[in-house]
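# Topology and contacts: notes
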Amino acid sequence: MNKISFGLFFTLVFMTIHCKSQENYWVEYIKRIDEIPVSKSLFVFEVDSQKNILDTLTIRKLKYDKDVLIYEDFIGIISKMKRAII
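## Re the confidence of the model for the protein
- Overall, the prediction assigns the protein a mean pLDDT of 75, with 70% of residues at 70 or greater.
- Averaged over each element, pLDDT in the protein is lowest for helix α1 (residues 2-35) (70) and highest for strand β1 (residues 40-47) (85).

Structure representation (structure tokens):
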């Protein structure tokens with residue numbers, strides 16, 4: 001019984017240390033992404049026949065590092081207008 005308790009204790013300590021090291025890795029990764037400036041911002045608008053902007057539908061912010069997309073923030077905005085889905 002004593003060996004089982006020691007083994008369980010050792011396993012829990014190992015798992016706790018391993019999880020903490022993984023957590024630190026992701027925190028550093030997120031910090032590095034935050035430091036990269038936004039490369040592109042895309043807006044999707046709803047326009048009428050006279051090209052007047054009626055509504056903003058979506059906003060996308062893209063971050064590239066060496067021509068590779070590493071981050072995309074997509075915001076879908078709920079319109080005040082009712083739309084028919086066909």
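## Focus on the sheet that holds strand β2 (residues 53-65)
- The strand order across the open sheet built from 3 strands is β1-β2-β3, with neighbouring strands paired in antiparallel fashion. Lying at the two open borders of the sheet, with one neighbouring strand each, are β1 and β3 (68-76). Each strand of the sheet is rotated relative to its neighbour by a mean of 20 degrees, with strand direction disregarded.
- With 8 bridges joining them, β2 and β3 adopt antiparallel strand pairing. Opposite K61, over in β3, you have D73 as the bridge partner.

## Considering the environment of N52
- You can see N52 is positioned in the loop between β1 and β2.
- When neighbours within four sequence positions are excluded, N52 is seen to be in contact with E46 and V47.

## Quick look at a nonpolar patch on the surface
- Together, Y25, W26, Y29 and I30 give the surface a local cluster of nonpolar side chains, amounting to about 430 Å² of exposed area.
- Along the polypeptide, Y29 turns up in helix α1.

## So, the packing of aromatic side chains
- For the structure shown, the criterion picks out 1 aromatic pair.
- Relative to F45, the ring of F43 lies with its centre 6.1 Å away and its plane at 10 degrees, an arrangement referred to as stacked.
- What makes F43 partly exposed here is its relative accessible area of 46%.
- Taking the relative accessible area as the measure of exposure, F45 reaches 39% and is therefore partly exposed.
- Sitting over the face of the ring of Y71, K63 holds its NZ or CZ atom 5.3 Å from the ring centroid.

The rules behind the values
- Residues numbered from 1 in each chain as written.
- Predicted model: local features only at pLDDT ≥ 70, side-chain atom pairs only at ≥ 80, totals over all residues.
- Heavy atoms only, no water.
- pLDDT = per-residue confidence, 0-100.
- Helix = DSSP H or I, 4+ residues; strand = E, 2+ residues; numbered from the N terminus.
- Pairing = 2+ DSSP bridges.
- Axes fitted to C-alpha atoms, helices over the stretch in contact; angles between N-to-C directions.
- Contact = heavy atoms within 4.5 Å.
- Patch = residues over 30% accessible without salt bridge, like charges linked within 9 Å, V, L, I, M, F, W, Y side chains within 5 Å.
- Areas by Shrake-Rupley, 256 points an atom, 1.4 Å probe, with all protein chains shown as cover.
- Salt bridge = Lys/Arg side-chain N within 4 Å of Asp/Glu carboxyl O.
- Phe/Tyr/Trp six-rings, centres within 6.5 Å; stacked < 30°, edge-to-face > 60°.
- Buried < 20%, exposed > 50% of the residue type's maximum accessible area, 1.4 Å probe, protein only.
- Lys NZ or Arg CZ within 6 Å of the ring centre and 35° of its normal.

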